[in-house]
Amino acid sequence: MTAAVFFGCTFIAFGPAIALFLFTIAREPLRVIFLIAGAFFWLVSLLLSSLVWFISVQISNKDSAAQQKGLLIFGVVLSVLLQETFRFAYYKLLKKANEGLLALSQEETMPISIRQLAYVSGLGFGFMSGAFSVVNILADSVGPGTVGIHGDSQHYFLSSAFMTMAIILLHMFWGVVFFDACEKQRWWAVAAVVISHLTVSCLTFQNPEYVASLVPTYVILFLMGVWAFYSAGGSLRNLKLCLTCKDKDFLLANHRPR
Amino acid sequence: MQRRFLMEHPHPQMPFGRRELSLNVTHACNAQLIDTANTGQTDRSFAPRSLLHRAAMNASDSDDDSYNERTALVQSENPVVPSYRPEPDVNPPSDSPPKRSGVTRRAGPAAMDGGGGGSVGGSDQDVDADDEELTLKIYTPFTENTPSVGRRLLNSVLNTIIMISVIVVMTIFLVILYKYRCYKFIHGWLILSSLMLLFWFSFMYLGEVFKTYNLAVDYPTVGVIIWNFGAVGMICIHWKGPLQLQQAYLILISALMALVFIKYLPEWSAWVILGAISVYDLVAVLSPKGPLRMLVETAQERNEPIFPALIYSSAMMWTVGMANPADAQRSGHETDEEAEQSSRGAQPESRQSRAIPEDDLEEDRGVKLGLGDFIFYSVLVGKAAATGGDWNTTLACFVAILIGLCLTLLLLAIFKKALPALPISITFGLVFYFSTDFLVQPFMDNLAAHQFYI
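Within each chain, residue numbers correspond to sequence positions counted from 1 in written order. Each chain takes a letter, starting from A, and each ligand takes a number, starting from 1, following the order in which they are written. It should be noted that, the model being predicted, local features are given only for residues of pLDDT at least 70 and side-chain atom pairs only at 80 or more, the latter also being counted only at that level, while totals for whole chains, interfaces and linings use all residues. The side-chain quantities take in all heavy atoms of the structure and omit both hydrogens and water.

Caption draft 1: Representation of the overall build of chain A. In this description a helix means any DSSP run of H or I spanning at least four residues, a strand means any run of E spanning at least two, and both kinds are numbered starting from the N terminus. Scanning chain A for helices and strands turns up nine helices and zero strands. Reading the helices (α) and strands (β) of chain A from amino to carboxyl end gives α-α-α-α-α-α-α-α-α. For 258 residues, the compact-globule estimate of 2.2 N^0.38 gives 18 Å, and chain A sits close to it at 20 Å. Based on the C-alpha atoms only, the size of chain A along its principal axes is roughly 60 × 40 × 30 Å. Partly exposed residues are those whose accessible area sits between 20% and 50% of the maximum for their type, while under 20% is buried and over 50% is exposed, using a 1.4 Å probe and protein chains only. Out of the 258 residues in chain A, the part that is buried amounts to 49%. For this analysis, residues touch if any pair of their heavy atoms sits within 4.5 Å. Long-range contacts, defined here as pairs at least 24 residues apart, represent 76% of the contacts in chain A between residues at least 6 apart. Accessible surface area values rest on a Shrake-Rupley calculation with a 1.4 Å probe, where residue burial reflects the displayed protein chains alone. Total accessible area on chain A is roughly 12,700 Å²; 70% of this is exposed by carbon and sulfur atoms. Under the convention used here, Asp and Glu are negative, Lys and Arg are positive, and both His and the chain ends fall outside the count. Every charge is mapped onto a representative atom, which is NZ of Lys, CZ of Arg, CG of Asp or CD of Glu. Here chain A holds 17 positive side-chain charges and 13 negative ones, and the gap between their average locations is 9 Å. Each radius of gyration reported is based on C-alpha atoms, and the globular scaling rule is 2.2 Å times the count of residues to the power 0.38.

Laid out in structure tokens, this is it:
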């Protein structure tokens, strides 16, 4: 509960995401705009799900803790489904916008490819989701206090930070896989993304048993990362070329859309 | 928001230290004009304004008399009304009460004393403190410190009407000056305003910062800092300077102006003013007889720029000299939009919006946005941060305003004429502020309490 905890948890939660942003997105204003738009779509989905949850709470029995918890679980599931719906809506909007951008900019190639858009929008969703989950917790970790003094877990901040990092990266991978599946009309992949999102959220119902929730989440994160890598066009050969600095495309650093 | 506790004078019953002694000392040394909002809280040993208030303060929690970032900004009191904010969470997380208590306890005496319809009511100690409040009480004389919701709403609407009429009058005055080519007058006015912002307001802000973090700084140091800051700012804004530095200074003065608004406008009045000014912006820029539209057309007839010192440009500024050429390749920003703001303090303000199709200057492909728009965006986000309660609301307002701006730029690319920059952004910002505060906040609090992730 000091500055050390605050900075440590902030960098754990947002470190990879901010690094990705700084190195790949920050220099291109178009990507920044689409990132913010992705964040906005996530926000709208959250707003709708909060509205439904709020109404359901108002008409329910406020004294029964079990019912409140049940409503919260319902809220979580509804929110996940709405998030994926809005991801699909964003995909549709981006397809239309890409054509519009092409007409506006009078160039022959599209200024940003659908794969870059998938990455950027996924990261946008992830940023907003992570920020909304953890920023209040981080703000309170600066102040004085004792964690878990009433018998709760003492690893609240650390586990929140790790979970947030996983969620942000997962959103990015889900974005890539989702858009690629929509492009190729592979609806089973879309369903897999939705189911994995639901799984990750439902795993958090087991908190504060952090081993039961964090470890499977990280396993899913790794698997989704590999899937996203392959669906974005990566392969072992590409990886080897990139790591041994022999990839000519990467070295020339021209951002040609594929 | 954060709270700091210094362990200087540990109170026997309180677990945390109190800062009241050091605060009283620094406050006594400080010029009274800097802050009025907290005299009621920290000056407890000097001004026995109301024994009831003091007793309440003495019996209250240790964080009730800390001078922190929140209390430095907010000053009006909430009416004693039944809470219309729904409280569905049975088990609030332990972190929410400190944030909420910062919202409910305000500088009651200062607001009550200044609320006598512009007069310096109250005890003699408030005379100096109210001088600063008076300048804004002229614009918002109707107090919000009333117990009934309807009365408070009415007062804020009346305050808004006064502010908006002041703005309209000054805008028309500026348009008339521009029409009759009184350029020297306008330039003198602008230079005076930026002088005041860069020197006086930044001095006030620095004073607030030192008070909040309880730093003791001597006047010569402050003098050197403010002099350097202000002089470089004047040169950068009105003459030549590197583009990044100029942009930084313009953003800084917009933020300072917004801080003044956030601090001195009563709470509900600020929200109503934000709504009203977007409507005014819409009317003034788009209707054929609107003052801003006339300004645009006059400038286009004469083929000359409008006060470039008050416009934020994302690419090269084509009348102010460049110390280094800016990168002109910005993809997608082919159209311009301008709005300007002549800043105020003791003077009332005016603002316009316009756009110039920059076909003749091929290097200037950037987007131009008026500082007035920056100011009101900042007021929205700042109010959300200061009074909203938590970071989710602030983030939501931030994203909403950015998306509103993107949509406005999109419309600009489609229509290619002067467009008001405020309405869409402020609408989105207000909608998201209130909905996040009432709907999303309890949901996220509950999720965080159980550590569920969505």
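That was the structure; now back to the text.
Caption draft 2: A look at the overall build of chain B. Scanning chain B for helices and strands turns up 16 helices and six strands. Looking at chain B as a whole, 55% of its 454 residues qualify as buried. Relative to all contacts within chain B whose residues are 6 or more apart in sequence, the contacts with residues 24 or more apart total 75%.

Caption draft 3: Up close: helix 9 (residues 183–213) of chain B. All names here are of chain B. Helix span is expected to be 1.5 Å times the residue number reduced by one. Helix length check: helix 9 (31 residues) gives 44 Å between terminal C-alpha atoms against 45 Å at 1.5 Å per residue, within 8%. Most pronounced at Leu 197, the bend in helix 9 amounts to some 30°. One or two steps after helix 9, the chain reaches Asn 214, where phi turns positive at roughly 60°. Values of bend correspond, residue by residue, to the angle between axes fitted over the seven residues ending at that residue and the seven starting there.

Caption draft 4: Quick peek at helix 10 (residues 219–238) of chain B. Residue and element names in this part refer to chain B. With 20 residues, helix 10 should reach 28 Å at 1.5 Å per residue; the first-to-last C-alpha distance of 28 Å fits that figure. Restricting attention to buried positions, one finds in helix 10 the residues Val 222, Ile 226, Gly 230, Gly 233, Met 234, Cys 236 and Ile 237. As for helix 10, its buried residues are in contact with helix 9 and helix 11 (243–264).

Caption draft 5: Structural view of the environment of A:Ala131. Tracing the backbone shows A:Ala131 in helix 4 (residues 114–142). C-alpha separation for the pair A:Ala131 and A:Asn207, spaced 76 residues apart in sequence, amounts to 19 Å. Among residues more than four places away in sequence, those in contact with A:Ala131 are A:Phe14, B:Asn392 and B:Leu395.

Caption draft 6: Here's a closer look at the pattern of salt bridges. Within this document, salt bridges are pairs made up of a side-chain nitrogen of Lys or Arg and a carboxyl oxygen of Asp or Glu, the two lying within 4 Å of each other. For the structure shown, the criterion picks out six salt bridges over all chains. A salt bridge links A:Lys184 to A:Asp180, with the shortest nitrogen-to-oxygen separation between them at 3.2 Å. The class for A:Lys184 is partly exposed, based on a relative accessible area of 44%. In this structure, the salt-bridge partner of B:Glu208 is B:Lys263, at a minimum N-O distance of 3.8 Å. Here B:Glu208, found in helix 9, pairs with B:Lys263, found in helix 11; they are 55 residues apart in sequence, far enough to count as distant. Ionic contacts of the salt-bridge type, sharing partners, join the residues B:Glu208, B:Lys211 and B:Lys263 into one network.

Caption draft 7: Main features of unusual backbone geometry. All names here are of chain B. A positive phi is found at Arg 181, a non-glycine position, where the angle reads about 60°. Turning to its location among the elements, Arg 181 is positioned in the loop between helix 8 (149–179) and helix 9. Of note, the phi angle at Asn 214 is positive, near 60°, even though the residue is not glycine. Following the sequence through the fold, Asn 214 ends up in the loop between helix 9 and helix 10. A residue is classified by how much of its surface remains accessible, and Asn 214, at 17% relative accessible area, is buried.

Caption draft 8: Structural view of the environment of A:Ser121. Residue and element names in this part refer to chain A. Within the secondary structure, Ser 121 is located in helix 4. For Ser 121, a relative accessible area of 2% gives the class buried. For the pair Ser 121 and Ser 50, spaced 71 residues apart in the sequence, the C-alpha separation amounts to 22 Å. Residues contacting Ser 121, with those up to four places away along its chain left out, are Tyr 90 and Phe 179.

Caption draft 9: Molecular detail of the packing of helix 2 (residues 29–58) of chain A against helix 16 (residues 422–450) of chain B. Only the stretch in contact is used when fitting a helix axis, every axis being a line fitted to C-alpha atoms; angles between N-to-C directions are given from 0 to 180 degrees. The geometry of helix 2 of chain A relative to helix 16 of chain B is characterised by a closest axis approach of 9 Å and an angle of 60° between their N-to-C directions. Between helix 2 of chain A and helix 16 of chain B, the crossing angle belongs to the class labelled oblique. Our pair here, helix 2 of chain A against helix 16 of chain B, has a crossing hand that is left-handed. For the pair helix 2 of chain A and helix 16 of chain B, contact is made by A:Phe40, A:Leu43, A:Val44, A:Leu46, A:Leu47, A:Ser49, A:Ser50, A:Leu51, A:Trp53 and A:Phe54 and by B:Phe428, B:Phe432, B:Ser435, B:Thr436, B:Phe438, B:Leu439, B:Val440, B:Pro442, B:Phe443, B:Met444 and B:Asn446, respectively. Working definition: roughly parallel below 35 degrees, roughly antiparallel above 145 degrees, roughly perpendicular at 65 to 115 degrees, and oblique for all remaining angles. When the near helix sits turned anticlockwise from the far one by under a right angle, the crossing is termed left-handed; a clockwise turn instead gives a right-handed crossing.

Caption draft 10: Layout of the interface of chain B and chain A. Contacts between the two partners involve 38 residues from chain B, matched on the other side by 54 residues from chain A. Accessible area that two parts lose when put together, evaluated with a 1.4 Å probe and summed over both, is termed the buried area. Here chain B and chain A share an interface that buries about 4,200 Å² over both sides, 73% of which is from carbon and sulfur atoms. Among the elements of the structure, helix 15 (391–415) and helix 16 of chain B are those that each provide at least two residues to the side of chain B that touches chain A. In terms of residues, the side of chain B that touches chain A owes the most to one element, helix 16 of chain B, which gives 14 residues. Taken together, the residues of the side of chain B that touches chain A break down into 26 nonpolar, eight polar and four charged. The nonpolar class holds Ala, Val, Leu, Ile, Met, Phe, Trp, Tyr, Cys and Pro. Asp, Glu, Lys and Arg form the charged class, and all remaining residues, Gly among them, are polar.

Caption draft 11: The arrangement of the nonpolar core in detail. The nonpolar core is taken to be a set of buried Ala, Val, Leu, Ile, Met, Phe, Trp, Tyr and Cys residues, with the residues joined through side-chain atoms within 4.5 Å. Formed by 91 residues in total, the largest nonpolar core has its most connected members in A:Phe34, A:Leu46, A:Tyr90, A:Leu123, A:Phe132, A:Met224 and B:Leu447. Broken down by element, the residue count for this core peaks at 19 residues, all from helix 5 (residues 156–183) of chain A. Not counting the four nearest positions on each side in its chain, A:Phe34 is found in contact with A:Tyr90, A:Leu94, A:Leu101, A:Ile112, A:Leu117 and A:Val120. B:Ile164, B:Met204, B:Met257 and B:Leu380 belong to the second largest nonpolar core, which has 52 residues in total.

Caption draft 12: Main features of the packing of helix 1 (residues 3–25) of chain A against helix 5 of chain A. All names here are of chain A. The N-to-C vectors of helix 1 and helix 5 enclose an angle of 5°; their axes lie 9 Å apart at closest approach. Overall, the two elements helix 1 and helix 5 adopt an arrangement that is roughly parallel. Where helix 1 approaches helix 5, its residues Val 5, Cys 9, Ile 12, Ala 13, Phe 14, Pro 16, Ala 17 and Leu 20 are matched on the opposing element by Phe 157, Leu 158, Ala 161, Phe 162, Thr 164, Met 165, Ile 168, Leu 169 and Met 172. Class assignment of the residues belonging to the contact of helix 1 with helix 5 gives a composition of 16 nonpolar, one polar and no charged.

Caption draft 13: Quick look at the environment of B:Leu259. All names here are of chain B. Its place among the elements puts Leu 259 in helix 11. With relative accessibility at 27%, the residue Leu 259 sits in the partly exposed group. For the pair Leu 259 and Leu 369, spaced 110 residues apart in sequence, the C-alpha to C-alpha distance is 19 Å.

Caption draft 14: Up close: a nonpolar patch on the surface. Patch membership needs two things, relative accessible area over 30% and no salt bridge, and members are linked within 9 Å if like-charged or within 5 Å if nonpolar (Val, Leu, Ile, Met, Phe, Trp, Tyr). A cluster of nonpolar side chains, A:Val211, A:Val215, A:Val219, A:Phe222, A:Leu223, A:Val226, A:Phe229, A:Tyr230, A:Leu236, A:Leu239 and A:Leu243, forms an exposed patch at the surface whose accessible area comes to about 1,100 Å². A residue is classified by how much of its surface remains accessible, and A:Tyr230, at 44% relative accessible area, is partly exposed.

Caption draft 15: Structural view of the packing of aromatic side chains. Whether two aromatic rings pair depends on their centres lying within 6.5 Å, for rings of Phe, Tyr and Trp, where Trp uses its six-membered ring; planes under 30 degrees apart make the pair stacked, over 60 edge-to-face, and the rest tilted. Evaluation of the coordinates by the stated rule reveals 28 aromatic pairs over all chains. Grouped by ring-pair contacts, the aromatic residues A:Phe40, A:Phe41, A:Phe86, A:Tyr90, B:Phe428 and B:Phe432 constitute a single cluster. The aromatic ring of A:Phe178 is capped on one face by A:Arg87, whose charged end is 6.0 Å from the ring centroid. Counting as a charge over the ring demands two things of the Lys NZ or Arg CZ atom: a distance within 6 Å of the ring centre and an angle within 35 degrees of the ring normal. The aromatic ring of B:Tyr178 is capped on one face by B:Arg302, whose charged end is 5.0 Å from the ring centroid.

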